[in-house]
Amino acid sequence: MSNYLIGVAGGIACYKTITLCRLLMKAGHDVRVIMTDNACKFITPLTFETITRHRAYTGEFDPGLAPDIIEHIDLAGWADEFVIAPATANTMAKIAYGISDNLLTSTALVFQKPIIFAPAMNVDMYADFTTQENMRRLLRMGHRIIEPGVGEMACKASGKGRMSEPEDIIEYLFADKILAGIRVLVTAGPTVEPIDPVRFISNRSSGKMGAAIARKALEMGADVDVVAGPVTADLSGLKVTSVQTATEMLNAVKDKLGNSDILIMAAAVADYRPADYSDIKIKKTADDMNIRLEKNPDILINIAPLKKDMQVFTGFAAESNDVRENALKKLEAKKLDFIVANDISRQDIGFETEDNEVSMFFSDGTAVDSGKLPKSGVAEIILEKAYDIFRKKNGTL
Ligand SMILES: Cc1cc2nc3c(=O)[nH]c(=O)nc-3n(C[C@H](O)[C@H](O)[C@H](O)COP(=O)(O)O)c2cc1C
């Protein structure tokens, strides 16, 4: 049984938090609720008091408390888990910058473990640059974000921003956090290699597989860093370093590698780049043109000498033929612990699709097929395998 402290901020999704509290209570946990003044305009403290059988904590300076109680300190000390649902844009912004002007935000500053935020807000408010920046800052501070869902909202707008359903929040909270304390570095998306200021060559990649791995790793408790090329996949709420070229991706990976336990290279890095970049736009005067390409640095080969014994490295191989043979060759050449092979000749999986089916080849000669699954399911299997190897290397098996 754990002590769950639930912060409720002023959004219409407050009503869902009643169910969240009920589900936590039903699972045998003790639940206490802090409400902001604005949350009290949507729903009364009495509702939470009746559900949780505790006072709902509201004002920081409520009269009549025993003199030995200092609520923001005592509540932070009492809580095993601190979940803010709904997390308004306002409350997230305040916590991201250490503003502590009410009981909820003051308690957040005292609580020294990761706080779990379930954002809920209008689609534009969620997509807003400052909200996204603040969420990235919260992640960098070690907090966690349960991604909101997509759908119709109370304001009639449709899009991303609906608070996750209470059942999904419960699933997130109760999920086995096998990657807690483990740092996972994921690369995602294509790289682009400029020809001139307006043209480039690139690879087909949406970044969806990398994004799915990063989100799943977060869900499994890891500390996650993403290095991403220009993706179309949604990376909101993730800690992302954005790059353009293969060389930039190599440098960003090198930069973060020392602080990573598991590296998953899911990016589709361009093998070649134009040998001569023109810093002015090339005119279309000639009937044809040749672009000489030169080889990009191979990221995995470049970082192989930096690999520490306890680190786990995984690469992806997108193959259209001889999937097994090609994957095995890469596994050996790049000193990977395992390689995830995609058969990109299939239309129903891989690039830009929601599903994937991969084969994993391990350095001990074994292989495992994932079967066709949503990318998040494939991500989970990959992370579980990486975790098994990490545990073996680090002597806990
Ligand atoms: C009807 C109504 C609904 C609102 N819904 C949300 C919401 O879902 N998410 C959000 O971030 N802000 C929402 N707001 C704005 C917040 O209530 C406002 O930013 C407030 O300052 C948040 O305060 P708090 O974070 O201290 O609770 C809403 C405001 C109104 C009037």
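Residues numbered from 1 in each chain as written. Predicted model: local features only at pLDDT ≥ 70, side-chain atom pairs only at ≥ 80, totals over all residues. Heavy atoms only, no water.

Identification of the protein chain as Coenzyme A biosynthesis bifunctional protein CoaBC from Denitrovibrio acetiphilus is taken from an unreviewed UniProt entry.

Caption draft 1: A look at the pattern of salt bridges. Under the counting rule described, the total for this entry stands at 17 salt bridges. The residue aspartate 261 makes a salt bridge to arginine 183 at a minimum N-O spacing of 3.1 Å. Of the two residues, aspartate 261 sits in the loop between α11 (246-257) and β13 (262-265) while arginine 183 sits in strand β8 (residues 183-188), which places them 78 residues apart along the sequence. Through salt bridges with shared partners, one network takes in Glu147, Lys160, Arg215 and Asp234. (Salt bridge = Lys/Arg side-chain N within 4 Å of Asp/Glu carboxyl O. Helix = DSSP H or I, 4+ residues; strand = E, 2+ residues; numbered from the N terminus.)

Caption draft 2: Inspection of the pairing of strand β4 (residues 116-119) at higher detail. On β4, burial covers both faces: Ile116 and Ala118 on one face and Phe117 and Pro119 on the other are all buried. Examined bridge by bridge, strand β3 (residues 81-87) and β4 share three bridges and lie parallel to one another. Within β4, the position partnered with valine 83 by the bridge is isoleucine 116. Looking at chain direction, β4 and strand β5 (residues 144-145) are connected through two bridges and run parallel. Within β5, the residue paired with isoleucine 116 across the bridge is arginine 144. (Buried < 20%, exposed > 50% of the residue type's maximum accessible area, 1.4 Å probe, protein only. Pairing = 2+ DSSP bridges.)

Caption draft 3: Seen up close, the nonpolar core. Residues Phe117, Ile213 and Ile382 are the most contacted members of the largest nonpolar core, which totals 64 residues. Looking at this core element by element, the count peaks at eight residues for helix α14 (residues 375-393). Lining this core are residues from two domains, each supplying at least three of them: domain 1 (3-174) and domain 2 (183-393). Leaving out residues up to four positions away in the same chain, isoleucine 382 has contacts with Met209, Ile213, Ile264, Phe316, Phe338, Val340 and Met360. Ranked by size, the runner-up nonpolar core spans 27 residues in total, among them Cys14, Val83, Ile116 and Ala118. (Core = buried A, V, L, I, M, F, W, Y, C linked by side-chain atoms within 4.5 Å. Domains from an automatic or database assignment. Contact = heavy atoms within 4.5 Å.)

Caption draft 4: Spotlight on the domain arrangement of the protein chain. Taken domain by domain, the protein chain comprises domain 1 (3-174) and domain 2 (183-393). For the pair domain 1 and domain 2, the two sides together bury roughly 930 Å², of which 52% comes from carbon and sulfur. On the domain 1 side of the interface with domain 2, the three residues burying the most area are Leu139, Arg144 and Tyr172, jointly 45% of the side's total. Residues lysine 160 and aspartate 234 are paired through a salt bridge, measuring 2.2 Å at the closest nitrogen-oxygen approach. Scanning the region where domain 1 abuts domain 2 turns up five residue pairs in polar contact (both at pLDDT 80 or more). Sorting elements by how many residues they give to the side of domain 1 that touches domain 2 places helix α8 (residues 129-140) first, with four residues. (Buried area = accessible area lost by both parts, 1.4 Å probe. Polar contact = N/O pair within 3.5 Å; in protein donor to acceptor, adjacent residues only side chain to side chain.)

Caption draft 5: The arrangement of the packing of helix α5 (residues 89-96) against helix α6 (residues 103-110) in detail. Where α5 meets α6, the closest approach of the two axes is 10 Å, and the angle between their N-to-C directions is 40°. α6 is crossed by α5, and the crossing has right-handed handedness. Contacts between α5 and α6 pair Thr91, Lys94 and Ile95 from the former with Leu104, Thr105 and Ala108 from the latter. Taken together, the residues that form the contact of α5 with α6 break down as three nonpolar, two polar and one charged. (Axes fitted to C-alpha atoms, helices over the stretch in contact; angles between N-to-C directions. Left-handed = near helix turned anticlockwise from the far one by under 90°. Nonpolar A, V, L, I, M, F, W, Y, C, P; charged D, E, K, R; others polar.)

Caption draft 6: The arrangement of unusual backbone geometry in detail. Along the chain, alanine 85 connects to proline 86 via a cis peptide bond; the corresponding omega equals -5°. Here proline 86 lies in strand β3. Its identity as a non-glycine residue notwithstanding, arginine 53 has a phi of 60°, on the positive side. Note that arginine 53 resides in the loop between α3 (45-52) and α4 (71-78). Judged by its relative accessible area of 69%, arginine 53 is exposed.

Caption draft 7: Quick look at the sheet that holds β13. The eight strands lie next to each other as β12-β11-β8-β13-β16-β17-β19-β20, forming an open sheet whose pairing is mixed. The outermost strands of the open sheet, each flanked by one partner alone, are β12 (240-242) and β20 (367-369). When the angles between neighbouring strand axes are averaged without regard to direction, this sheet yields 15°. Relative to strand β16 (residues 312-319), β13 runs parallel, the two being bridged by four bridges. The residue of β16 that forms the bridge with isoleucine 264 is threonine 314. Across the sheet, α14 touches β8, β13, β16, β17 (338-343), β19 (358-362) and β20, and the angle it forms with β19 is around 10°.

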